[in-house]
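Residue strings, one per chain:
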Amino acid sequence: MNPLIRPILTVLILCSSFVARAADDHANELALIAGWLDAQRAYDRVPGISAAVVHDQDLLWSGASGYADLHTGKEARPDTIYGICSISKLFTGVAVMQLRDRGLVALEDPVSSLLPWFNLTQRFEGSPEITLRSMLTHSAGLPRESDFPYWVGPDFVFPTESEIRQELGQQSTLYPASRYYQYSNLGLTLVGEIVAEKSGEDYASYIKNHILTPLSLTDTDTGFPTDAREARIATGYSFPGRNDVLEVMPRYDARGITPAAGFSSTALDLARFASWQFRLLDDKSDDVLAPNTLREMQRVQWMDWDWDTARGLAFGVYRIGGRTLTGHGGDCPGFNTRLFLDPLSQYAVAMMSNRNAVNVDGYATVILDILEAGGEPPAATPESEDDGMGDYLGSYDMRPWGGESLVFRWKAGLALTYLPTMDPLGDMTMLERIEGDRFHTVRSDGEPGHEVVFGRDASGTVSHLSYHSITMPKMQNN
């Protein structure tokens, strides 16, 4: 354990390095996203985050906060490379569905007919066949893993393809096929083997030649890059635990488990991957995959009896906050990642972090909530173009009673929310100007609330805000 990690961890609270490219017509929403996410990352003790937001074919925003490496102080960037872990399954799914569309495999094919060496023991008499479809939906009854302790530190040693095959005959099914949902890295690993078996190419070459290169995903690989891009790879860290210490995680090689969990990528590349999917769903392209095939993959193909767990073909399907999302998340040594797509609104969020047990799903969901709540910006007027409101924007230190009050533009005026929070909209209070630097809050019934006064220093710069006789200094990282 490097002794520098603990003091650097405290610095994360004060370091704001968010670099964002925002679309003008979403400027208020994206500014809130950047400010909120930067603070939430720091309070959650996450070393670094990179993120990107797309709407259809437009990259609305990309940014990064914190550090790609705590030891060197290397800052995270939108093109920082992270392990994307189980998001890898989406690429494996696309690959095998390409083969399906070429007539080389069928979804109802038994895995035993696709992989001659498949010899896992079926424990349940009368079980249906384990098929390609059931493996893609995690309903095959397979064990979660190949029988090796690759998720156990300190080294996280993954098996080779040969070792997986040798061990397969010693394993048996957990459930009858097509009975229950059971997430299985072993299942998607076998799908990757089917891609190699039926295409005549090794898995990594097939993915590069038929998916990554055609889509210009130049920073996505079936492992961590070893060329000049290696300098952009983030260092992964553990969950800090009770002692609030981040341990450096080894850079793993998923080897035989690569089709299920071995890829690396950037927020920007995953944003491009999402935009490609929106093109297909709009029938504006048939590059790499047929549009109807992608729709098939993103539709619910398996629903567990509890009506809670739904899967497409390699894709997850999620009902969150009144919207149906698709995509996948990733969790492997030192990295937590998420790609969410909303096919109806055509918004997508790619969220990358270099620490375990990060609430990337929650971060991405909040971003979608903010985008949906923002709506169209008000029309510019001569007054609003130079209203002086920019003087007040930023965070104000609430310690010891809390973290900070973030003041930001919203709709036609200003708003305030309290950080940290995973509900910045729910905690938001609108501010209405009385005169000069004096404002009042706006109650939920539209009536005026308490007064909020911004103060200035001798140079005329806003230096603090006050309400309820409490003064909060403006934080210098804004």
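Conventions and cut-offs
Residues numbered from 1 in each chain as written. Predicted model: local features only at pLDDT ≥ 70, side-chain atom pairs only at ≥ 80, totals over all residues. Heavy atoms only, no water. Disulfide = S-S within 2.5 Å. Helix = DSSP H or I, 4+ residues; strand = E, 2+ residues; numbered from the N terminus. Axes fitted to C-alpha atoms, helices over the stretch in contact; angles between N-to-C directions. Parallel < 35°, antiparallel > 145°, perpendicular 65-115°, else oblique. Contact = heavy atoms within 4.5 Å. Nonpolar A, V, L, I, M, F, W, Y, C, P; charged D, E, K, R; others polar. Buried < 20%, exposed > 50% of the residue type's maximum accessible area, 1.4 Å probe, protein only. Pairing = 2+ DSSP bridges. 1 Å grid on protein atoms, 1.4 Å probe; cavity = no way out; pocket = protein on both sides within 12 Å on 5 of 7 lines; lining within 4 Å. Points joined across faces, edges and corners; volume = space filled by probe spheres on them. Phe/Tyr/Trp six-rings, centres within 6.5 Å; stacked < 30°, edge-to-face > 60°. Polar contact = N/O pair within 3.5 Å; in protein donor to acceptor, adjacent residues only side chain to side chain.

What should I look at first to understand the state of the cysteines in this one?
One way to say it: the disulfide is the covalent bond shared by the sulfur atoms of two cysteines. Overall, the coordinates contain 1 disulfide when judged by the stated rule. Residue Cys85 pairs covalently with Cys332 via a disulfide, S to S 1.9 Å. Measuring handedness by torsion sign, the sulfur bridge of Cys85 and Cys332 sits at about -60° and is left-handed. Here the residue Cys85 occupies a position in strand E4 (residues 82-85), and Cys332 occupies one in strand E9 (residues 323-332), the gap between them amounting to 247 residues.

Looking at this model, I keep getting lost on the packing of helix H3 (residues 88-101) against helix H8 (residues 203-212). Mind explaining?
Two quantities define a packed helix pair, namely the angle between the helix axes and the distance between the axes. At their nearest, the axes of H3 and H8 sit 10 Å apart, and the two run at 80° to each other. In terms of orientation, H3 lies roughly perpendicular with respect to H8. Counting all contacts with H3, which are made through Phe91, Thr92, Val94, Ala95, Gln98 and Leu99, the residues of H8 involved are Tyr203, Tyr206, Ile207, His210, Ile211 and Leu212. Broken down by class, the residue content of the contact of H3 with H8 amounts to 9 nonpolar, 3 polar and no charged.

Even after reading the chapter, I still don't get the pairing of strand E1 (residues 48-55), so can you show me in this structure?
The two faces of a sheet get side chains in turn, since along a regular strand they alternate between them. Counting buried positions over the 8 residues of E1 gives 7, a clear majority of the element. Looking at chain direction, E1 and strand E2 (residues 58-69) are connected through 8 bridges and run antiparallel. Residue pairing across strands places Ile49 opposite Ser65, the latter belonging to E2. Hairpin remark: E1 followed by E2, antiparallel, with 2 residues in the connecting loop; positive phi at Asp56, about 55°.

Looking at this structure, I do not really get helix H11 (residues 291-298). What am I missing?
Owing to its 3.6 residues per turn, the α-helix aligns residues three or four sequence positions apart on the same side. Taking burial as the measure, the 8 residues of H11 include 6 buried ones, the bulk of the element. Among the residues of H11, Pro291, Thr293, Leu294, Glu296, Met297 and Gln298 are the ones counted as buried.

Quick question: what am I supposed to make of the layout of surface pockets here?
Regions of empty space are outlined by a rolling probe, equal in size to a water molecule, passed over the atoms. The volume enclosed by the second largest pocket comes to roughly 380 Å³. Lining the second largest pocket are 24 residues; nearest its centre among them are Ser86, Arg144, Gly330, Asp331 and Asn336. Among the elements of the structure, E9, strand E10 (335-342) and helix H12 (360-374) are those that each provide at least two residues to the lining of the second largest pocket. By residue number, the principal contributor to the lining of the second largest pocket is E9, which donates 5 residues. Each residue belonging to the lining of the second largest pocket can be placed in one class, and the counts come to 11 nonpolar, 8 polar and 5 charged.

Can you help me understand the packing of aromatic side chains in this one?
Geometry of an aromatic ring pair is reported as the spacing of the ring centres plus the angle between the planes. Inspection of every chain in the model, using the stated rule, returns 19 aromatic pairs. Seen in terms of ring centroids, Phe158 and Tyr252 are 6.0 Å apart; in terms of plane orientation they differ by 40°. Their pairing is tilted. Residue Phe158 is located in the loop between helix H5 (132-136) and helix H6 (161-168), and its partner Tyr252 is located in the loop between H8 and helix H9 (258-261); the two are separated by 94 residues in the primary sequence. Phe158 gets classed as buried once you look at its relative accessible area, which sits at 1%. Centroid distance Phe408 to Trp410: 6.1 Å. Interplanar angle 80°. Geometry classified as edge-to-face. Taken together, the ring pairs in this structure connect Tyr82, Tyr150, Trp151, Phe158, Phe224, Tyr252 and Phe335 into an aromatic cluster.

Looking at this structure, I do not really get the side chain of Asn356. What am I missing?
Structurally, Asn356 can be placed in the loop between strand E11 (347-353) and H12. Looking at Asn356, its side chain comes within polar contact range of the main-chain nitrogen of Gly334, at 2.9 Å. The residues touching Asn356, leaving out its near neighbours within four places in the chain, are Tyr237, Ser238, Phe239, Met249, Asp331, Cys332, Pro333, Gly334, Phe335 and Asn336.

Would you take a moment to explain unusual backbone geometry for this structure?
What is expected of a backbone is that most residues other than glycine have negative phi and most peptide bonds are trans. With an omega of 10°, the peptide bond running from Gly153 to Pro154 counts as cis. Mapped onto the fold, Pro154 is located in the loop between H5 and H6. A cis amide bond links Leu419 to the next residue, Pro420, at an omega of 5°. If you trace the backbone, Pro420 turns up in the loop between strand E14 (413-419) and strand E15 (429-435). We note that Val288 has phi near 75°; this positive angle belongs to a residue other than glycine. Within the chain, His468 stands out as a residue other than glycine whose phi angle is a positive 55°. As for its position among the elements, His468 is in the loop between strand E18 (462-467) and strand E19 (470-473). Taking relative accessible area as the criterion, His468 reaches 54% and is therefore assigned exposed.

Explanation requested: the side chain of Gln98 in the structure shown.
Relative to the assigned elements, Gln98 resides in helix H3. Only 2.8 Å separates the side chain of Gln98 from the backbone oxygen of Val288, close enough to count as a polar contact. Leaving out residues up to four positions away in the same chain, Gln98 has contacts with Tyr206, His210, Ile211, Val288 and Leu289.

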